[in-house]
Amino acid sequence: MDEKEKELVRRALAGENSAFEELALSYRQSLLHLAYRMTGNMEEAMDIAQETLLRSFKYLHRFNPERGFRNWLFQIAANQCRDFGRRKEAEKRYRQKISGLNGQEINAGNNGPGIKAVFHEASPATSDLKLDVNRYLNRLGPKERRVFILRDLEGLSIGETAGVLGISSISVRVNLSSARKKIKQLILGLEEGASGRGEAK
Amino acid sequence: MNCKRVRAKLALYISDDLSRRWQAKIDAHLKGCPDCQLELKNLKEALVGIKEADRAESRSLPDWGRTRWDELMKEISRTETGRKGRPAPPVEPRKRLAYRLAAAAGLFILVLAGYFMIGEFRLRPSRPQAAEKEAIGIPEGSRQSGSLPERIEMVFRLPESGVQVVWILDRNFNPEGVKK
């Protein structure tokens, strides 16, 4: 963490809100990007990014300057995303249970988990964006996804990724390896499929 | 090293996330294996492709928007940092020294009390009862109150034969000699 950041943190702790705003401004887009990749939905990502900045301000006194502000923000955001995912999953199960009791099926059009399901889940805000990357990310397991985003898309080291997610370096390596293999298979598979169709025509 | 083992590690080899030993082994294998070279190439292309797609999408991500950002900053200005959940303030150095001295004094008193209690039991000589004194034959002259005699004579008699054995010991129970 550079001296300028340390100074901004010190001033923010002393009650200077403009110092915190300056600190947050430099990371606001990378924070939003991380939340968007983790959730796959822009509205949810925006909520998570806001909550992350609020929490980081509230608990700024607990921040260890040796760790770096960006990694600390990412850690809060990753925890938020994980909690958000759990709540969403519980809500989904509850709705399915209710719909089952009423004799209706909410997801009658979905044919199991797959790329099409991702488009159904996307909100109108995200449907305007290109969804290619999220389509691939949605095929990964939750831990693989978090590790891949932090290591490959955000460019953190193995150790930093482990620190942000609160897991061991070995776990990061294992999940990163399987995530990369899946991404490769998916991209090559889709390309081969596409080229195969092209040749058939 | 076979291709299967190499391919299992290519996903980490690509970003230098393996140990030096493994990196060197895979380097050596790749030099002579076109199939694994192709596998590595495909993996690299896939990862480069997804990273480029991510960068392209990121450029089109919406910004926070001035209104939303200002609202957040207003909310932050209403939040008090560090007031809730702040850890207990550190103890003043002078008070800390006083606590340490008090703890040391308490410990010293305990040790001292323990020493005297144990010493009392250990140092006090066990005083034999009158019958025991008679049985072991402590001479009258050597009976001194509060301390052991210089010489101790222990006499064992066998009632059947009348044979008696006398052990003469010093006050540390070391035998000086055996008589009779």
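The rules behind these values
- Residues numbered from 1 in each chain as written.
- Chains lettered and ligands numbered in written order.
- Predicted model: local features only at pLDDT ≥ 70, side-chain atom pairs only at ≥ 80, totals over all residues.
- Heavy atoms only, no water.
- Salt bridge = Lys/Arg side-chain N within 4 Å of Asp/Glu carboxyl O.
- Helix = DSSP H or I, 4+ residues; strand = E, 2+ residues; numbered from the N terminus.
- Buried < 20%, exposed > 50% of the residue type's maximum accessible area, 1.4 Å probe, protein only.
- Axes fitted to C-alpha atoms, helices over the stretch in contact; angles between N-to-C directions.
- Parallel < 35°, antiparallel > 145°, perpendicular 65-115°, else oblique.
- Left-handed = near helix turned anticlockwise from the far one by under 90°.
- Contact = heavy atoms within 4.5 Å.
- Nonpolar A, V, L, I, M, F, W, Y, C, P; charged D, E, K, R; others polar.
- Polar contact = N/O pair within 3.5 Å; in protein donor to acceptor, adjacent residues only side chain to side chain.

Q: Teacher, can you tell me more about the pattern of salt bridges here?
A: Side chains that differ in sign of charge can pair as their charged atoms come close. Summed over the entire model, instances satisfying the criterion amount to 17 salt bridges over all chains. The salt bridge partner of A:R37 is B:E57, with a shortest N-O separation of 3.1 Å. Pair noted here: A:R37 is in helix α3 (residues 28-39) and B:E57 is in helix α3 (residues 34-59), and the two residues belong to different chains. A:R37 gets classed as buried once you look at its relative accessible area, which sits at 0%. By relative accessible area, which is 5% here, B:E57 ends up buried. Taken together, the shared-partner salt bridges in this structure form one network comprising A:R37, B:D54 and B:E57.

Q: Would you mind showing me how to read the packing of α3(A) against α3(B) here?
A: The relative placement of two packed helices comes down to the angle between their axes together with the axis-to-axis distance. With their axes 11 Å apart at the nearest point, α3(A) and α3(B) run at an angle of 120 degrees to one another. In terms of orientation, α3(A) and α3(B) fall into the oblique class. Considering only the axes of α3(A) and α3(B), their crossing is right-handed. Two secondary-structure elements touch here, α3(A) through A:H33, A:Y36 and A:R37 and α3(B) through B:D54, B:E57 and B:S58. A breakdown of the residues in the contact of α3(A) with α3(B) according to their chemical character gives 1 nonpolar, 2 polar and 3 charged.

Q: Looking at this structure, I do not really get the packing of α3(A) against helix α4 (residues 42-58) of chain A. What am I missing?
A: Residues and elements named next belong to chain A. Axis separation between α3 and α4 bottoms out at 8 Å; the angle between their running directions is 130 degrees. Relative to α4, the element α3 is oriented oblique. Pair α3 / α4 crosses with right-handed handedness. Here α3 contributes L31, L32, A35, Y36 and T39 to the contact with α4, which in turn contributes M42, E44, A45, M46, I48, A49, T52 and L53.

Q: What exactly am I supposed to notice about the interface of chain B and chain A here?
A: For an interface, size is often stated in terms of accessible area lost upon the parts coming together. Contacts between chain B and chain A engage 38 residues on the former and 46 residues on the latter. Seen at the junction of chain B and chain A, the total is 5 salt bridges. A salt bridge links B:D63 to A:R28; the nearest nitrogen and oxygen atoms lie 3.3 Å apart. At the junction of chain B with chain A, the criterion picks out 14 residue pairs in polar contact (both at pLDDT 80 or more). Listing elements by their share of the side of chain B that touches chain A, those giving two or more residues are α1 (3-13), α3 and α4 (66-78) of chain B. The biggest single contributor to the side of chain B that touches chain A is α3(B), with 11 residues. Looking at the side of chain B that touches chain A residue by residue, the classes come out as 17 nonpolar, 9 polar and 12 charged.

Everything listed here is a matter of coordinates, which is why it stays silent on function.
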